[in-house]
Amino acid sequence: MKKLILSLFIFLCVAASAIAQERTVTGTVSSREDNLPIPGVSVRVKEVSGVGTQTSAEGRFSLKVPASAKTLVFTYLGFSNQEVPITSGNMRVSLNPDATSLTEVVITAGGLSTTRAQLGTATTTIKAQQLTQAKQTNVASALTGKVAGLQLNTISSGVNPSYRLVLRGNRSLLGNNQALVVVDNVIVPSSILGNLNPEDIEDLQVLNGGGAAALYGSEASNGALIITTKKGKKGAPVIRVGQTVNAEQVSYYPKLQTRFGSGADNDVQIYTAHENQQYGPAFDGSMVEIGDVLEDGSIQTIPYSPNNSRKEFWNTGLTSQTDFTLSTADDISSYYVSAQYVDTKGTTPSDKYNRFSLRLNGTRAFTKKFDASYSVNYIQNRYDITTATSSMYDQILQTAAHIPLTAYQDWENDKFANPNGYYNAYYANPYFTIDNSRQNTRNDYLTGNVDFKFKATDWLSFLYRANINTSNSSNKTRVNKFVLSAYTKSLGLSSLKNNDIPGSVSDGEDYATQLFSEFQANIKKELVKDVRLDLTLGTSLRNNTAKNVGVAASGLTFAGLYNVAHRLAANVTGSESNSTVRQQGVYGDLRLGYKDYLYLHASGRNDWFSTLPIASRSIFYPSVDASFIVTNAVEALKNNNVLNTLKLRAGYSTVGNVNLGAYSLLTTFGQSGGYPYNNNPGYAISSTIYNPNLKPEKTNGFEGGFDAELWNNRITASVTYFNTRTVDQIVPVNISAASGFSTYYTNTGEVTNEGLENTLNIVAFRNRNWEINVGGNYTFNTNKVVSISNDISRLALSSGGTAQTYAQAGMLYPVLLGSAFQRDPEGRIIVDARTGYPSATQSIQYLGNTSPKHILGLNTSVNFKGLRLAAVAEYRGGYAIFNSGADGFEFSGSGERTVMYNRERFVVPNSSYLDPATNTYIANTNITVRDGGAGFWSQSSPNRAIAENYVTNGAYWKIREISLSYQLPARLLGDLKYVKGVNISAQGRNLFLFVPKENLYTDPDYTLGNNAIGINTLSQTPPTRFFGGTVTLTF
Amino acid sequence: MRNILKVAVLGALVIASSSCKKYLDVNENPNNPTSSTPNIVLPQAILLTANSTTAFDDFGGWVAGYKANAGGYGGFGTEWTYQYTTANYTGMWSGAFNAINQANFVLSNTSSDGPLKYYNAMARIMKDYNYQRLVDQYGDVPYSDAGQGIAKLSPKYDKYDAVYKAVYADLDSAIAILNSPAETNVTVNVTDGQDPLYGGSTAAGKTKWVQLANTIKLKMLVRARKATELASWVTTAKATLPTTSAGYLTDDAIVNPGFNANTASQFNPKWSTNAWDVNGTASGTGLSRMPTPWILSFYNGVKLTDPDRGKASYASFGANVTQTIGLTTITFVGPATNQLGYDVDPVKRSVSGSYWYSGLQIPAATRVTGTNANKNQNNVGILKSATMGQVLMLAAESYLLQAEASMPSVNLVPGATKSLFESGITASMTYLYKNSANSYINPTPAATLKDTYVAANNTSYLANFDLATTDEQKLEAIITQKYIAVNFINSEEGYNEFRRTGYPRIVQGSTVATETFASLKAPNDLPARVLYPATEFQVNAENVPTDVTTKTKLFYAK
């Protein structure tokens, strides 16, 4: 080694003396993001013009510089410029990706590319590193807290949670409000976000509003996520292998009381051995019997003191994720190959999930004028989960605190865990329920895309694109048969202990295939001096075909044999549905640029739909926007270090939403009421009719704002104001049954959305070794229902409980309406003068809005050499949620609220009663409720039926992500010849949740699906946190 | 180069627009038909009519004292308080209009003199049957504007008297069609499978359809008689009524498309609501409802003695029953009963399959349960089995209507009142001892059962018609027998007639279980009617009558 250095030294000296005053500087340039070398980086000397070079395919450079040279400037598209003092030896330079630079090329709607400067609408770019820093397996959940204007809700928990991703709030009353998802120019169902390998993503453009996505016309109203996957990078093949292991743990458990045991009597606390309700005596540590005497004469005796088994019921889940990627490219072609395997065990015992995905992305230049790019992605996932999540959760809550719940796992062999011997007479053993009701699902997805580009001249090019996106799935759902013993039935305890479970099985298969082709012609030309034209004309065809068939039978012949052939009842029920939907579009996209500071953009699209009436199936969607770069236009502002860039932008657009499936124009006839009987058909006319002139919903929107970079680009800020009006909503309006029908589909209703999206990112500190970034985004959003129709002012978005989510004319959208306390004119709760009990209002009352008005995301990253610490936090506020599990919490007596007054009689706070003599309301200071136990809390009319009791503030703070990664320095790799890099990281997700005291129940993010946000149920298991570690090797 | 561009762009546009129409014409529904024919819709018009009777029976069951809450269940709000809202019992409205819509489809695709004229006539009678029931429950209803779909999304309401007259005239038209002969090679007969009520347009079938139409007409005139707006019309309209008993229903009008105990969707709806499902799981509705002490008093000797109908109608009738409720063991004579609104423990519990499934078999055997009960063809009573038919109208009602109409003070039709009265009782015995296949299977003839019954109650004018000396007593006897006959079958008729005549006699405001059927929670608040459904206020607000409360009396009310 010494020898080598010596010889190098001699060589340098010789060189220096040979070429007077010159020396050679060498080094490598890599990306800070992934530590991979960057080829083609421009390297020049700051002090001397005209001296420079480019990095090689391995990212190396070697440059002879004059003595006056002190600093090297590195520039590369998509990265911040960096100035580095010249040092001797091999310089190691890392460039920072720059997502805000005006010259950065971004992909917009239709796969068109442009520079950031030209964009007249709000977009947010999420880079691969931000997306994958916490090793999320789901792309959607990896976005939360990082994008202004985005609201993510968890609509199903479990092994592969599904999310609802909405930009700028809900605007459609009953139609889809979720953002359009486009992967490599293929429009895909939003469910793909839960299946896409996040490691494959190069970057993700969030087009916040309809304006940015306007080129998609009828699908643009909810904004779009434009995902671009990785391409092979020039240079020697780079292989990366990663292994992640994450543990999942219940992070927030509802507050349960641990003071009173089994009992169900009003007024008195009597211990009942087989009771689910927990209104018995206080725990005293004595030995008590639970359940009824078994057939063999045995009975369980346990201490009458609380344990923690209701929480210990939930397992620690485990996710193992293995990643493989290979990337390579030469001058004419590139390859990117990746594979990922994810294996998950959930927090619900026995629930399992796995996913395997494979991707090949490639490009190939056939001639200088003709090239192609292609991608194929195959994903399969397998679920093995229980179908009885909410029953299981309810059963846990219907278990008193002294019951050793976790002792009942082996229900097949343990007589006390078996349905015959389980202590609880009314609610089954949750372990039995999990095992008895299960579903296996397989989903296979295949996406393939090919783009051919022909560059006819330097100003004219053509593109043809074709892709297929298909999903196939099958599932089997079954409930096993269980026959209770004659002895159990003879006890006559309850329907649970009297009724056998007959068992059932259902099987289903479906497929959905989308074929899409698109042709584009593009002209890029300088029309006259300083005016540049970029015009794209295109046409597209889209065909979606889907089918599903299902078959079901109930009454199994044999326990454990789940096949529709083996059943007791004669019949099997079956169903089939098919659909084909086609869409045709013609569009144009025009950009005009004047010098480097004024850009105008206009697009127009005409769509034709097979699902709409022939007369109204052609729809035109126009949009215009403009951007003005103040710092390029005003001479005085050019090249100043305080305000580097300031861009003003504004746009107006009309986009649509075809909230109408296939065949939704004509009333149908169906066999109902058991028909056919004995070969005789009977067809009834359905109760739904359609407006013969249905047209798509329309969203007209304005947005305006600015983007600024300050203080040597260390501060970037962006503000966007938006205001949209969505009209002609397709709504099934109830009509008078006397008209012959009960539902009428028509265009009606108007919703407005208004808000502000603000983003601020600051490089708080930066030197050669350190970089500290802090950033935040804040969204203020108000959605309002202006009207629904002349006939109705209210639409229910959910159904079933004491409070529901509604669209109500004149109110925010959506709102909770439900039963509230009867109150006197002063707002006090009216109680009955005899019983002290409150009561519910007859009509439903406003209980709160359910879409957060304020969403704040904070993120920070600290880089020190190879070490990176990143964190994301999120706040939401200004909304309410309804916790619908009142039966589980209060009927059972397990909820914390039921011991608020120690199960003693109490005076309802802030209450009054009617004095019959004076007919006035008198403040209640002395009338206590008749019963402070089961007679109040478990009762419907004074307590459980009053939804207001369970409506809480939805505000929360959440620590979404914390990750710490370390790129091992090259010297540590030593002799590991083939290993180019080692990265070790630790990460956690959803680590902490802070909610107001009144929220005793769960994470407010958990909500019903569709548009009925704001109600959480027991079908969502308790929220969880993830933490784990990753090792990635680069070869 | 410019040419390349032109060709390319124009080409794309031409291809796009020319192929557009063909490419997009894929919206033909492959899943469900979007058109249909009268012959396969008529069965639905009949079955949906029969199925909608359950909503009416449910309302009558609660309000007229036939059923009450069972122990172990709570939350019977308005059933106890009668504080009806526009959300209560809306199934009567929607069910009837759904059935009417099927009939309307048949009517608009047939004519009274075309080849499908018998389809037309049967659809008319189904529509008329539904309208008569609607008017009797609601008064004014949409009629002339109804059933026109998009053309009339908010149909106006017609006065009850106008609807009554129109329905009556329509029944006359239907009868005329059915009485007209079939034209050879032209008229298409209604087949057995298309008519789950009477087996199609055979001679016998047509006769029965005419009988049903005439019985509806008779019911309307009996009810309209005291309404001032209709009194004069009744005197002229009665001219078209048949003058012999054979012109009216002589057998129960029962719809049975082929109810099947092996197929969940082919269960008799009333059975599946109250008894067991296809897997033998007992219905929660059946378990949460029980007979009242009030209705039992017409069987167990408190008011009348009627063991034959009692044991056919109720499980454990007259037998000792023991129940352990909480820590209390109680023994009582079955069936378990509860007074409506009584909810202080211990409330007696119901039984699997409900108390209205007596399980009485001919020949006698123990009460079978679950899937065995679903299939048992030897069961008699109210709930017979999953394959029993659904009653549109009982012959008992027909005879008792005739009995009332034949009273000299009523004078709508001639006839021997006592004989018709006793025929009514016999017909009631007949129905209860029919099996699911609609066959009377009791070895003892129904007339003998009737005689035994009259003899056992020979001191009560409610059964022994000879003791009813005044018209008012005769009316009370007729209506009380009708009240018993429709028990849990067409319970709403029990309440309709109570509202019209005040019978069966109750002690107003009493809280004694056998003196009144009113709820303990509101003994003085029996409602005069149900409210129009909420949807009418939401979507037909400009037309729905707004001055109606639960105290607003219907046109026929006393």
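In this report, we go over the structure that sits alongside the text. Predicted model, so just to flag it, every value in this text is computed and none were measured.

### Some points on the sheet that holds strand β1 (residues 22-31) of chain A
All names here are of chain A.
Okay, so step 1: The mixed open sheet is built from three strands, whose spatial order is β4-β1-β7. Strand pairing shows two members of the sheet lacking a second neighbour, β4 (60-66) and β7 (90-95), which therefore form its edges. The average angle at which neighbouring strand axes cross in this sheet is 35 degrees, direction not considered.
Okay, so step 2: Bridge count between β1 and β4: seven bridges; the pairing is antiparallel.

### Structural notes on the interface of chain B and chain A
Where interface size is quoted, it is often the accessible area lost as the parts come together.
Okay, so step 1: If you look at the interface, chain B gives 67 residues, while chain A gives 72 residues.
Okay, so step 2: For the chain B and chain A pair, buried surface summed over both sides reaches about 5,500 Å², with 62% attributable to carbon and sulfur atoms.
Okay, so step 3: It is B:Tyr23, B:Leu24 and B:Asn27 in chain B that bury the most area against chain A; as a group they hold 12% of the surface buried on that side.
Okay, so step 4: Taken together, the connections running from chain B to chain A amount to one salt bridge.
Okay, so step 5: A salt bridge links B:Asp25 to A:Arg617; the shortest N-O distance between them is 3.2 Å.
Okay, so step 6: Applying the counting criterion to the chain B and chain A interface returns 20 residue pairs in polar contact (both at pLDDT 80 or more).
Okay, so step 7: Mapped onto the side of chain B that touches chain A, the elements with two or more residues apiece are α1 (2-18), α2 (20-24), α3 (38-63), α5 (91-108) and α20 (534-539) of chain B.
Okay, so step 8: Considering every element that reaches the side of chain B that touches chain A, the biggest residue donor is α1(B), with nine residues.
Okay, so step 9: Considered class by class, the residues forming the side of chain B that touches chain A number 35 nonpolar, 26 polar and six charged.

### As for the pattern of salt bridges
Two side chains carrying opposite charge are able to pair once their charged atoms lie near each other.
Okay, so step 1: Counted by the stated rule, this structure contains 66 salt bridges over all chains.
Okay, so step 2: A salt bridge links A:Asp351 to A:Arg438; the shortest N-O distance between them is 3.2 Å. Here A:Arg438 lies in strand β24 (residues 437-455) and A:Asp351 lies in the loop between β21 (333-345) and β22 (352-365), a separation of 87 residues in the sequence.
Okay, so step 3: Residue classification places A:Arg438 among the buried residues on the basis of a relative accessible area of 6%.
Okay, so step 4: The salt bridge partner of B:Asp466 is B:Lys418, with a shortest N-O separation of 3.2 Å. Of this pair, B:Asp466 sits in the loop between α17 (446-456) and α18 (471-485) while B:Lys418 sits in helix α16 (residues 417-432), and the two are 48 residues apart along the sequence.
Okay, so step 5: Of the residues examined, B:Lys418 reaches a relative accessible area of 33% and is grouped as partly exposed.
Okay, so step 6: By sharing partners, the salt bridges in this structure join B:Asp136, B:Lys219, B:Arg223, B:Glu397, B:Glu404, B:Lys482, B:Glu493, B:Glu497 and B:Arg500 into a single network.

Parameters and conventions
Residues numbered from 1 in each chain as written. Chains lettered and ligands numbered in written order. Predicted model: local features only at pLDDT ≥ 70, side-chain atom pairs only at ≥ 80, totals over all residues. Heavy atoms only, no water. Pairing = 2+ DSSP bridges. Helix = DSSP H or I, 4+ residues; strand = E, 2+ residues; numbered from the N terminus. Axes fitted to C-alpha atoms, helices over the stretch in contact; angles between N-to-C directions. Contact = heavy atoms within 4.5 Å. Buried area = accessible area lost by both parts, 1.4 Å probe. Salt bridge = Lys/Arg side-chain N within 4 Å of Asp/Glu carboxyl O. Polar contact = N/O pair within 3.5 Å; in protein donor to acceptor, adjacent residues only side chain to side chain. Nonpolar A, V, L, I, M, F, W, Y, C, P; charged D, E, K, R; others polar. Buried < 20%, exposed > 50% of the residue type's maximum accessible area, 1.4 Å probe, protein only.

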